[in-house]
Amino acid sequence: MKKYFLLIFAMVSMVVTAATVEEVPSFPMNGASKYVYNPDGIFSDGCVAKLNKAISEVWEKTTAELSVIAVDSVENTDPDSYADALLRKLETGKMESTPVFVLVVYNAKRGIIRAGMRADSIFTDSLKQQILRRDMFANFGQRRYDDGILFAVTHICEKLIESDLFRPQEPESEIAKQPWTFNTFEGVKIFFFAWVVFGVILLIVSCILIELRFWKASKNWKEELEGLSTWLCTASLLGLGIPSLAYIYKYVRMREHYDII
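Definitions and cut-offs
Residues numbered from 1 in each chain as written. Predicted model: local features only at pLDDT ≥ 70, side-chain atom pairs only at ≥ 80, totals over all residues. Heavy atoms only, no water. Core = buried A, V, L, I, M, F, W, Y, C linked by side-chain atoms within 4.5 Å. Buried < 20%, exposed > 50% of the residue type's maximum accessible area, 1.4 Å probe, protein only. Helix = DSSP H or I, 4+ residues; strand = E, 2+ residues; numbered from the N terminus. Axes fitted to C-alpha atoms, helices over the stretch in contact; angles between N-to-C directions. Parallel < 35°, antiparallel > 145°, perpendicular 65-115°, else oblique. Left-handed = near helix turned anticlockwise from the far one by under 90°. Contact = heavy atoms within 4.5 Å. pLDDT = per-residue confidence, 0-100.

**Topic: the nonpolar core**
A general trend in soluble globular proteins is that nonpolar side chains are found buried together. Counting 53 residues, the largest nonpolar core has Phe43, Leu66, Ile69, Ile149, Ile156 and Leu160 as its most contacted members. Taken together, the elements giving at least two residues each to this core come down to β1 (36-37), α2 (45-61), β2 (64-71), α3 (79-91), β3 (98-105), β4 (110-115), α4 (125-140) and α5 (145-162). For this core, the leading source of residues is α5, giving seven residues.

**Brief notes about the packing of α4 against α5**
Axis angle and axis distance: for two packed helices, these are the angle between their axes and the distance between the axes, and together they describe the pair. Packing of α4 against α5 leaves a shortest axis separation of 6 Å and a crossing angle of 155 degrees. As judged from the angle between their axes, α4 and α5 are roughly antiparallel. Viewed along their axes, α4 and α5 form a crossing whose handedness is right-handed. Contacts between α4 and α5 involve Leu127, Gln130, Ile131, Arg134, Asp135, Met136, Asn139 and Phe140 from the first element and Tyr145, Asp147, Gly148, Ile149, Phe151, Ala152, His155, Ile156 and Lys159 from the second.

**Things to note about the confidence of the model for the protein**
Scored by pLDDT, the protein comes out at a mean of 77, with 60% of its residues at no less than 70. In the model of the protein, helix α1 (residues 2-17) stands out as the element of lowest mean pLDDT, 46, in contrast to β1, which has the highest, 96. Residue range residues 1-16 is modelled with pLDDT below 50. Its contacts to residues more than four positions away, or to other chains, number one contact.

Below, the structure written as structure tokens:
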């Protein structure tokens, strides 16, 4: 009778301590451990602190949401199915970010890496197996659990930070948000090139006038050309000189205003 009681107690304990998908919180969590769910104390506090520090850099520099889930056992299912269900939960409502997590199931002696759809091209099956076998299982087999998870997570962090796929888009600058007026860089450029086009047209018209007057009064072509020199200078100044000076002045002032190097 006592044996049966102990067996029933052990079975009830396993059911009670088995982790469910619903129990895993959303990340980042409140408190010191924001990115590591370690309810059963599989990893030491010092290891958890190092993991949080490494993972926080990924959250700051990329759109990937890396986390670590370490439990003694999972609910009545195999760890792979549990990981799939957990990924679906973490992906819910994620439009611009990609969840990536490492699941460690201590009693099943399993380590699993799951990543959202956008990360499939980076975390291939071969890469995930390489990280698990070389970094994690090699240390877990010698009971160096802290070292194993740290090596694996460090490897994953490096891949996420190096990848352009998870690089966040640069926020739109203050200058880019402004309309195209003379107080914006784009407006100054458009104004300058419009004046250049106008100046070229003036020069072409001037050349045509010179040609016409030359043929009409070929005997006095030198005097006629000298008479048109003032017109040519004026056209060049209006078409090229003044807008060039205005462009340089405005551009320098705007660079000083926005403190652009």
